[in-house]
Amino acid sequence: MKFSLVLSIAAGLLFPAVLYGGDTEYYRHIVFDNSLTSDDYFYSYAQASAPSSIEQKGGRLPVESDKFVTAPNALRLHWTSQAPGGWEAEVRVVNFRYRFPEFSGRNLYFWCYSPQAIAADDLPGIMLSTTREGLQVAEFPGSFSDPLPLGKFAGNLPAGRWVQIRIPLSEFHTGSIYEFRPRFVQNVLFLQGRADGASHTLIIDEIRFEDDADSDATAHASLPTPQKVSAVGYDRHVDVRWDPVQDAALDRYVIYRALDGKDFRPIGIQIPGTQRFSDFLGTSGVTAQYKVAAMDRHYRQSQLSNPVSASTRELSDDELLTMLQEACFRYYWEAADPHSGMARENIPGDERMVATGASGFGIMALVTGASRQLITREEAVDRLAKIVSFLETGQRYHGAWSHYMDGNTGKTMPVFGTFDNGGDLVETSFLMQGLLAARQYFHGRTEKEQSLYRRITQLWETVEWDWYRETPQSDFLYWHWSSQWSWQIHHPLIGFNEVMITYLLAIASPTHGVPADLYYSGWAGQSETAIRYRGGWSSAVDGDHYGNGHTYFGTKLDVGVGTGGPLFFTHYSYMGFDPHRLHDRYTSSYFDNNRNLALVNRGYSIANPKHFAGYGPNAWGLTASDGPMGYLPHAPDNGSDDGTLTLTGALASFPYTPEASLAAFNHFYRDLGDQLWDIYGPRDAFNPSQNWVSNIYMGLNQAPITVMIENYRTGLVWKSFMANPEIGVMLQKLEAAEKKQN
């Protein structure tokens, strides 16, 4: 619960916007290429003091959809400068979680277009700032530059033609009391220049940091043409694929589409590291043709590939589910860390970082992928062998792995601070849940599978679950331990939340097990510590004693604090472990209780007490994700609901609410797919009230969709995990512990 592109200067040769990929280098250059929303740009700000004015929508810059360099849109500055007023417009850097924070390049470049000519003296000023707050910088190390006249670098702008502006970063000098360091820029600001009293429009596109064109030794090299381009049509979209271009000068791929087989126009780009593009056409029965080209940073483009064709067609519900599973599965197959095979925390993000728990979920997605013949069984075994090899040599702490590791070295990455430099038992349990499901599914007679079985068993039996009890007398398992800091974090594991699987596996361990009674003293504990813990994170009295018994939106909850919390509580522990098989003194069925938690979540979204846009019977699913304000555990309560809907919430609830989950998917895909569907399936989250769409995918959120849909369809992952003999023994121990409680 811790907790795209440009042009050949002639107007009309326009290229589209970046999607997602695995090349951090791209994000060390780009400030803006396009907006995911078509009316205003979320990562912007505009304000004016009368009598000056600047066009804005809800305090943000409007998006220009008719003229652009990076399709499908650009930003529009429409202003009037009059004394004694003023105006400013900010374009903020998009900070993907854990993205590399430095920019690279000696110049600031961007493209300008004006419908009418603008004299140099009438152009705005430009400044840079190293904080999200723009010019409201007060504390070290925040700083901002002195304003520069844009006309000094642009000259007189002609009408109706794109012009690229280059400003050496050496021209920007600090206007703050602190040193200005352009590599840490967070804001590009345009501001009032000469107060000429006239109305002007300037369209801005592709803002980036870059070296001089002639300093790039590879700039004049001819890029190879992408090969083996293919296209597959689905219900409302087409997937285009190609082989990677191996050339150091490659900066992006440009994808072209024609609907008549002749007039090929650019519709999007993809960056190095990802050779897939999703074209959402919005309807079935459409045939489209595609070509792909490679492009360098200076807009030199390869020859276009040979054309390929695909058609969309109406899919049945069953085919839609397979399509959804396949798309989410790609996150763990195509976008996994190439060295370790592990799952990345988020994409885009820090490419060094692999996530332990998300990798466990990804392993269960591999099981599903093999069963659905998205990959061969042998391919899955080979990938698992790579993952196991990495885990065998990665840093461990009494058998537990850390939350994040470097995918190249296996060393711990203490992302959450210096104390977080040791073992993370919860993430380890998510990982082990996946490994145990894979151990039983890939338990064939081949030597590869036999070896995989033995190696996973060795990993399983060397996790010292009992160590994480701290002392033999402790009533709890604890989340963290560090060889440097020992129990400094000292976070007890107390339910009801996502960590049920940790107690179940600790009790099940054949080598380092804990007493089954710990389930009732720790997980479902009634101590003052446990009661305060539940009330502390939920701000609710209902369920602070673990059992709840109250009815919310027409649904009674046996177990859960308040209205139940974020939906990942019903997913993470039950992707492998079958909740049909578990009951205790508080509920007769954890499957039924999980279903009721999902129903409460949906009921809250229908009631929509905070009146957020977009909520309804087919738009629900409050759970943890990156939202407009960062990573938060969104939940159906007043304090945890900010209008953000996370798609995995409804889509990973298929076993519990199949009709409602399918209706939600139809809405998210068929109605909103132009914004919400991309190469790894549904985007992570969206907030209609704030006109925000997530620009990342998360490793914790795509696999639950694939896996839980499979559990709904066939029960495969549940069956595989529950076939481990240690799980049956554990359930017997829990039965005995329950009788003691009664």
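Residues numbered from 1 in each chain as written. Predicted model: local features only at pLDDT ≥ 70, side-chain atom pairs only at ≥ 80, totals over all residues. Heavy atoms only, no water.

A word on the overall build of the protein chain
On a plain count of helices and strands, the protein chain comes out with 16 helices and 36 strands. By the compact-globule yardstick of 27 Å for 742 residues, the protein chain fits well, its C-alpha radius of gyration being 27 Å. Its C-alpha atoms give the protein chain principal-axis dimensions of roughly 85 × 55 × 50 Å. Scored against the burial criterion, the 742 residues of the protein chain give a buried share of 62%. Counting every atom, the protein chain has about 26300 Å² of accessible surface; 49% of that belongs to carbon and sulfur. A gap of 3 Å separates the mean positions of the 60 positive and 82 negative side-chain charges of the protein chain. (Helix = DSSP H or I, 4+ residues; strand = E, 2+ residues; numbered from the N terminus. Rg over C-alpha atoms; globule rule 2.2 N^0.38 Å. Buried < 20%, exposed > 50% of the residue type's maximum accessible area, 1.4 Å probe, protein only. Areas by Shrake-Rupley, 256 points an atom, 1.4 Å probe, with all protein chains shown as cover. Lys, Arg positive; Asp, Glu negative; His and termini not counted. Charge placed at Lys NZ, Arg CZ, Asp CG, Glu CD.)

Things to note about the sheet that holds strand 31 (residues 645-646)
One open sheet accounts for three strands, arranged 31-34-35; its pairing is antiparallel. The sheet is open, and its two edges are formed by strand 31 and strand 35 (692-693), each paired on a single side. (Pairing = 2+ DSSP bridges.)

Here's the deal with the nonpolar core
Residues F110, Y519 and F577 are the most contacted members of the largest nonpolar core, which totals 180 residues. Per-element accounting of this core gives the leading share, ten residues, to helix 5 (residues 425-441). Aside from chain neighbours lying at most four places away, what touches F577 is Q433, I501, L504, L582, W718, F721, M722, I727, M730 and L731. Within the second largest apolar cluster, 34 residues are counted, among which are Y604, F612, A660 and L662. (Core = buried A, V, L, I, M, F, W, Y, C linked by side-chain atoms within 4.5 Å. Contact = heavy atoms within 4.5 Å.)

As for the packing of helix 5 against helix 6 (residues 447-461)
As a packed pair, helix 5 and helix 6 sit with axes 9 Å apart at the nearest point and diverge in direction by 150°. Taken together, helix 5 and helix 6 sit at an angle that is classed as roughly antiparallel. In the crossing of helix 5 with helix 6, the sense of the turn from one axis to the other is left-handed. Residues M432, L435, L436, R439 and Q440 of helix 5 touch helix 6, and the partners they reach there are Y453, I456, T457, L459 and W460. A class-by-class count of the residues in the contact of helix 5 with helix 6 yields seven nonpolar, two polar and one charged. (Axes fitted to C-alpha atoms, helices over the stretch in contact; angles between N-to-C directions. Parallel < 35°, antiparallel > 145°, perpendicular 65-115°, else oblique. Left-handed = near helix turned anticlockwise from the far one by under 90°. Nonpolar A, V, L, I, M, F, W, Y, C, P; charged D, E, K, R; others polar.)

What to know about the packing of aromatic side chains
Throughout the structure, instances matching the rule amount to 50 aromatic pairs. A centroid spacing of 6.0 Å and a plane angle of 70° characterise the contact between W523 and Y546, whose relative ring orientation is edge-to-face. Separated by 23 residues along the polypeptide, W523 in helix 8 (residues 518-523) and Y546 in the loop between helix 9 (528-538) and strand 27 (551-552) bring together distant segments of the chain. This pair shows no difference in class: W523 is buried, exactly as Y546 is. Here the aromatic residues F361, F430, F496, Y503, W523, Y546, F568, F569, Y572, Y586 and Y590 are joined through ring pairs into a cluster of three or more. The side chain of R383 reaches across the aromatic face of W333, ending 4.2 Å from its centre. (Phe/Tyr/Trp six-rings, centres within 6.5 Å; stacked < 30°, edge-to-face > 60°. Lys NZ or Arg CZ within 6 Å of the ring centre and 35° of its normal.)

With respect to the confidence of the model for the protein chain
Confidence in the prediction of the protein chain, expressed as mean pLDDT, is 93, and 96% of residues score 70 or more. Contacts of residues 1-22 to residues separated by more than four positions or lying in other chains number 120 contacts, the stretch itself having pLDDT below 50. (pLDDT = per-residue confidence, 0-100.)

Considerations on the pairing of strand 17 (residues 250-258)
The buried count for strand 17 comes to eight of nine residues, which makes it a mostly enclosed element. Two elements, strand 17 and strand 20 (residues 287-296), share eight bridges in a ladder whose sense is antiparallel. Looking at the pairing, A258 lines up with Q289 of strand 20. With five bridges connecting them, strand 17 and strand 18 (residues 265-270) associate as antiparallel partners. Its bridge partner being in strand 18, R257 is matched across the sheet by R265.

Quick notes on the sheet that holds strand 21 (residues 308-311)
An order of 18-17-20-21 is seen for the four strands of this open sheet, with the pairing classed as antiparallel. The open sheet has two edge strands, strand 18 and strand 21, and neither has a second partner. Between one strand axis and the next, the sheet turns by 35° as a mean value, whatever way the strands run. Of the pairings in the sheet, the one linking strand 20 to strand 21 comprises four bridges and is antiparallel in character. Bridge assignment links A288 to a residue of strand 21, and that residue is A310.

Here we look at the packing of helix 3 (residues 356-371) against helix 4 (residues 377-393)
One way to put it is that helix 3 packs onto helix 4 with a least axis distance of 9 Å and a crossing angle of 165°. Classed by the angle they form, the pair helix 3 and helix 4 counts as roughly antiparallel. The two elements helix 3 and helix 4 cross, and the hand of that crossing is left-handed. Counting all contacts with helix 3, which are made through I363, L366 and A370, the residues of helix 4 involved are R377, A380, R383, L384 and I387. Within the contact of helix 3 with helix 4, the residues separate by chemical class into six nonpolar, no polar and two charged.

What about helix 9?
Where helix 9 is concerned, the buried positions are A530, I531, Y533, R534 and S538. Relative to the axis of helix 9, the buried residues are bounded by an arc of 160° and lie together on one face. Opposite its buried face, helix 9 presents the exposed residues R532 and G536, each directed more than 90 degrees away. Along its buried surface, helix 9 packs onto helix 8. (Arc of directions from axis to C-beta.)

Some words on the side chain of N695
By secondary structure assignment, the location of N695 is in the loop between strand 35 and strand 36 (697-698). With a relative accessible area of 13%, N695 lands in the buried category. Only 3.3 Å separates the side chain of N695 from the side chain of Y43, close enough to count as a polar contact. (Polar contact = N/O pair within 3.5 Å; in protein donor to acceptor, adjacent residues only side chain to side chain.)

Considerations on the environment of E326
Turning to its location among the elements, E326 is positioned in helix 2 (residues 317-333). The exposure class of E326 is partly exposed, given its relative accessible area of 22%. Spatially, the C-alpha atom of E326 lies 27 Å from that of Y26, the residues being 300 residues apart in sequence. Ignoring sequence-local partners within four residues, the contact set of E326 consists of Y234 and L374. Here Y234 takes part through its side chain, which lies 3.3 Å from a polar atom of the side chain of E326.

Comments concerning the pattern of salt bridges
In total, this model carries 46 salt bridges according to the counting rule given. The salt bridge involving E206 is made with R208; its shortest N-O contact spans 2.9 Å. Exposure class is identical for E206 and R208. Each is buried. The shortest N-O distance in the salt bridge between D350 and R352 comes to 2.6 Å. Its relative accessible area of 16% is what places D350 among the buried residues. The class of R352 is partly exposed, set by a relative accessible area of 44%. Through salt bridges with shared partners, a single network forms among E25, R28, E206, R208, E210, D251, R252 and R297. (Salt bridge = Lys/Arg side-chain N within 4 Å of Asp/Glu carboxyl O.)

A word on helix 12 (residues 658-671)
Taking 1.5 Å per residue as the helical rise, helix 12 with its 14 residues ought to reach 20 Å, and the 19 Å between its terminal C-alpha atoms agrees with that figure. Counted residue by residue, helix 12 has ten buried out of 14 residues, so it is predominantly covered. Listing the buried residues of helix 12 in full gives P658, A660, S661, L662, A664, F665, N666, H667, F668 and Y669. (Expected span 1.5 Å × (residues − 1).)

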